[in-house]
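# Architecture at a glance
Below, each chain spelled out in residue letters.
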Amino acid sequence: MNHDTAQLGLFVSLGVTVVVLFGAMFLGHKKKTNAHIAGIGLFLVVFLITVFFAEMTGRHYTFTDPSFTIHLTLAVLTSLGTVAPLYTGYSHWKGKATLSTHKRVAAVWLLGVVAALGTGGWMLSAGTLKAPATEDTRTE
């Protein structure tokens, strides 16, 4: 995948991911539980697509510390941490956790998302775009 396609895919999918996430949060706030759950499911799908395009974009850059290490650490922790609001949401749905617990856990997770987005932008702006590979035009 070339740089332009990967970067366009990253920014489009990132925009869709943010819109879907805030839509799912809005539906939860309005107590539209089934729609909220569907929205979270859709968020997870578009989030994975965004991660794919981020990886494809990253292959076109050389990154240096500390931006790379900090972003990667936050991104991995926040991605793995997605389980926490999913668990508390499920627990609340089943009557085993309070809504306030779910909201607090989701808010902490959302702070991680914002931190990962910010450090991702920092990493990308500090990175060096690699020269495009050239084809070998020799004939045998």
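For the structure itself, consult the block above.
Residues numbered from 1 in each chain as written. Predicted model: local features only at pLDDT ≥ 70, side-chain atom pairs only at ≥ 80, totals over all residues. Heavy atoms only, no water.

### A closer look at the overall build of the chain
Within the chain, the secondary structure is distributed over five helices and two strands. When the helices and strands of the chain are placed in sequence order, the string is α-α-β-α-α-α-β. A globule of 140 residues ought to have a C-alpha radius of gyration of about 14 Å, yet the chain, at 18 Å, is considerably larger. Referenced to the eigenvectors of the C-alpha coordinate spread, the extents of the chain come out at roughly 70 × 30 × 25 Å. Out of the 140 residues belonging to the chain, those deemed buried represent 30%. (Helix = DSSP H or I, 4+ residues; strand = E, 2+ residues; numbered from the N terminus. Rg over C-alpha atoms; globule rule 2.2 N^0.38 Å. Buried < 20%, exposed > 50% of the residue type's maximum accessible area, 1.4 Å probe, protein only.)

### Quick notes on the nonpolar core
Nonpolar side chains tend to gather and get buried jointly when the protein is soluble and globular. Core analysis: the biggest nonpolar cluster contains seven residues, these being Val20, Leu21, Phe43, Val46, Trp109, Leu110 and Val113. Listed by contribution, the elements that provide at least two residues to this core are helix H1 (3-29), helix H2 (33-58) and helix H5 (99-126). Leave out the neighbours within four places in its chain, and valine 46 touches Val16, Thr17 and Val20. (Core = buried A, V, L, I, M, F, W, Y, C linked by side-chain atoms within 4.5 Å. Contact = heavy atoms within 4.5 Å.)

### Some remarks on helix H4 (residues 83-93)
Inspection of H4 places Pro85, Thr88, Gly89 and Ser91 among the buried residues, and these make up the whole buried set. Relative to the axis of H4, the buried residues are bounded by an arc of 160° and lie together on one face. For H4, the exposed residues lying more than 90 degrees away from the buried face are Val83 and Tyr87. Two residues or fewer after H4 comes glycine 95, characterised by a positive phi angle close to 80°. (Arc of directions from axis to C-beta.)

### What to know about the packing of aromatic side chains
By the definition in use, this model includes six aromatic pairs. Each ring, one from phenylalanine 63 and one from phenylalanine 68, has its centre 6.3 Å from the other, and the planes form 15°; the classification is stacked. Over the ring of tryptophan 93 we find lysine 94, and its NZ or CZ is 4.9 Å from the ring centre. (Phe/Tyr/Trp six-rings, centres within 6.5 Å; stacked < 30°, edge-to-face > 60°. Lys NZ or Arg CZ within 6 Å of the ring centre and 35° of its normal.)

### Examining the side chain of serine 91
Within the secondary structure, serine 91 is located in helix H4. By relative accessible area, serine 91 is classed as buried at 9%. When sequence neighbours within four positions are dropped, the list of residues in contact with serine 91 reads Lys96 and Ala97.

### Describing the side chain of threonine 50
In this fold, threonine 50 is placed in helix H2. According to the relative accessible area criterion, threonine 50 is buried, its value standing at 7%. Apart from the residues within four sequence positions on either side, threonine 50 is in contact with Leu10, Ser13, Leu14 and Thr17.

### A closer look at unusual backbone geometry
The step from aspartate 65 to proline 66 runs through a cis peptide bond, and the omega angle for that step is 5°. By the element assignment, proline 66 lies in the loop between strand S1 (61-62) and helix H3 (67-81). Positive phi, normally seen in glycine, also occurs at lysine 31, with a value near 60°. Residue position: lysine 31 is located in the loop between H1 and H2.

### Here we look at the environment of glycine 81
Mapped onto the elements of the fold, glycine 81 is located in helix H3. According to the relative accessible area criterion, glycine 81 is partly exposed, its value standing at 23%. Distance in space between the C-alpha atoms of glycine 81 and valine 108 is 9.6 Å, their sequence separation being 27 residues.

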